[in-house]
Amino acid sequence: MRMLCASTLIGEFFVIGFAGLVAMKSDDLANATVWTVCGIGMLLSVLLCGMLARPGGVQLGWALQVALVASGFVIPVMFVLGVAFGALWWASVHYGRRIDEVKARWAAQAAADAA
């Protein structure tokens, strides 16, 4: 699960950075504000890659997904990208857990066959 979720988070890292570039063109937002918010989001996405195995790591990932969708109020295309990455996050968690279960069963069966 960690590998799939980390891949999604790294993709979000780049999307947040590109969203910052788009937000810089807005006359309503100061560049310092844009890059502070985007920098925090990018840092969180990278830090979450290492926190996925810890308790609450997946829940923090969900919080980042909500923030990504909410950023659509500033950059409207982020509604679409946020929902897309939310779906990727769900798939990463759901199918990643299934893969981990199958791997554990195979390892148990291999250990039983070896004994």
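Analysis parameters
Residues numbered from 1 in each chain as written. Predicted model: local features only at pLDDT ≥ 70, side-chain atom pairs only at ≥ 80, totals over all residues. Heavy atoms only, no water. Helix = DSSP H or I, 4+ residues; strand = E, 2+ residues; numbered from the N terminus. Polar contact = N/O pair within 3.5 Å; in protein donor to acceptor, adjacent residues only side chain to side chain. Contact = heavy atoms within 4.5 Å. Phe/Tyr/Trp six-rings, centres within 6.5 Å; stacked < 30°, edge-to-face > 60°. Buried < 20%, exposed > 50% of the residue type's maximum accessible area, 1.4 Å probe, protein only. Core = buried A, V, L, I, M, F, W, Y, C linked by side-chain atoms within 4.5 Å. Axes fitted to C-alpha atoms, helices over the stretch in contact; angles between N-to-C directions. Parallel < 35°, antiparallel > 145°, perpendicular 65-115°, else oblique. Left-handed = near helix turned anticlockwise from the far one by under 90°. Nonpolar A, V, L, I, M, F, W, Y, C, P; charged D, E, K, R; others polar. 1 Å grid on protein atoms, 1.4 Å probe; cavity = no way out; pocket = protein on both sides within 12 Å on 5 of 7 lines; lining within 4 Å. Points joined across faces, edges and corners; volume = space filled by probe spheres on them.

Engineer: In this structure, what is going on with the side chain of S92? I would like to understand it.
Structural biologist: Considering the arrangement of structural elements, one finds S92 in helix 4 (residues 77–114). Looking at S92, its side chain comes within polar contact range of the side chain of T8, at 2.9 Å. If we skip the residues at most four places from it in the chain, S92 touches M1, L4, C5, T8 and R97.

Engineer: Hey, could you run me through the packing of aromatic side chains in this one?
Structural biologist: The relative placement of two aromatic rings is captured by the distance of their centres and the angle of their planes. Tallying each qualifying case throughout the model produces three aromatic pairs. Seen in terms of ring centroids, F73 and F79 are 5.1 Å apart; in terms of plane orientation they differ by 85°. Their pairing is edge-to-face. For F73, a relative accessible area of 70% translates into the label exposed. A relative accessible area of 32% places F79 in the partly exposed class. Centre to centre, the rings of W90 and Y95 are 6.0 Å apart; their planes meet at 80°, and the pair counts as edge-to-face. Exposure remark for Y95: the relative accessible area of 40% places this residue in the partly exposed category.

Engineer: Teacher, can you tell me more about the nonpolar core here?
Structural biologist: Across soluble globular proteins, nonpolar side chains show a tendency to be buried alongside one another. Residues V15, I16, A19, A23, V34, C38, M42, L68, I75, M78 and F85 constitute the largest nonpolar core, which totals eleven residues. Where this core is concerned, the elements lending two or more residues are helix 1 (2–23), helix 2 (31–51) and helix 4. Among the elements that take part in this core, helix 1 stands out by supplying four residues, more than any other. Discounting residues that sit within four places of it in the chain, I75 has contacts with A19, V22 and A23.

Engineer: Mind showing me how you'd approach the packing of helix 1 against helix 4 here?
Structural biologist: In a pair of packed helices, the angle between the axes and the distance between the axes together describe the arrangement. At a minimum axis distance of 8 Å, the contact between helix 1 and helix 4 shows a crossing angle of 170°. What the angle tells us is that helix 1 and helix 4 run roughly antiparallel. Seen from above, helix 1 lies across helix 4 with left-handed handedness. Residues L4, C5, T8, L9, G11, E12, V15 and A19 of helix 1 form the contact with helix 4, whose own contacting residues are M78, L81, F85, L88, W89, S92, V93, Y95, G96 and I99. Its residues assigned to classes, the contact of helix 1 with helix 4 comprises 13 nonpolar, four polar and one charged.

Engineer: Help me out: how do you make sense of the side chain of S45 in this one?
Structural biologist: Relative to the helices and strands, S45 is located in helix 2. Setting aside residues no more than four positions away along its own chain, S45 makes contact with L9, F13 and L64.

Engineer: Looking at this structure, how should I read the layout of surface pockets?
Structural biologist: Which parts of space are left empty comes out when a probe the size of a water molecule is rolled across the atoms. Volume-wise, the largest pocket comes out at about 390 Å³. Along the walls of the largest pocket sit 19 residues, with I16, V37, C38, A67 and S71 positioned nearest its centre. Within the residue set of the lining of the largest pocket, elements represented by two or more residues are helix 1, helix 2 and helix 3 (57–70). Counting residues per element, the lining of the largest pocket draws most heavily on helix 2, which supplies seven residues. Residues that form the lining of the largest pocket fall into these classes: 15 nonpolar, four polar and no charged.

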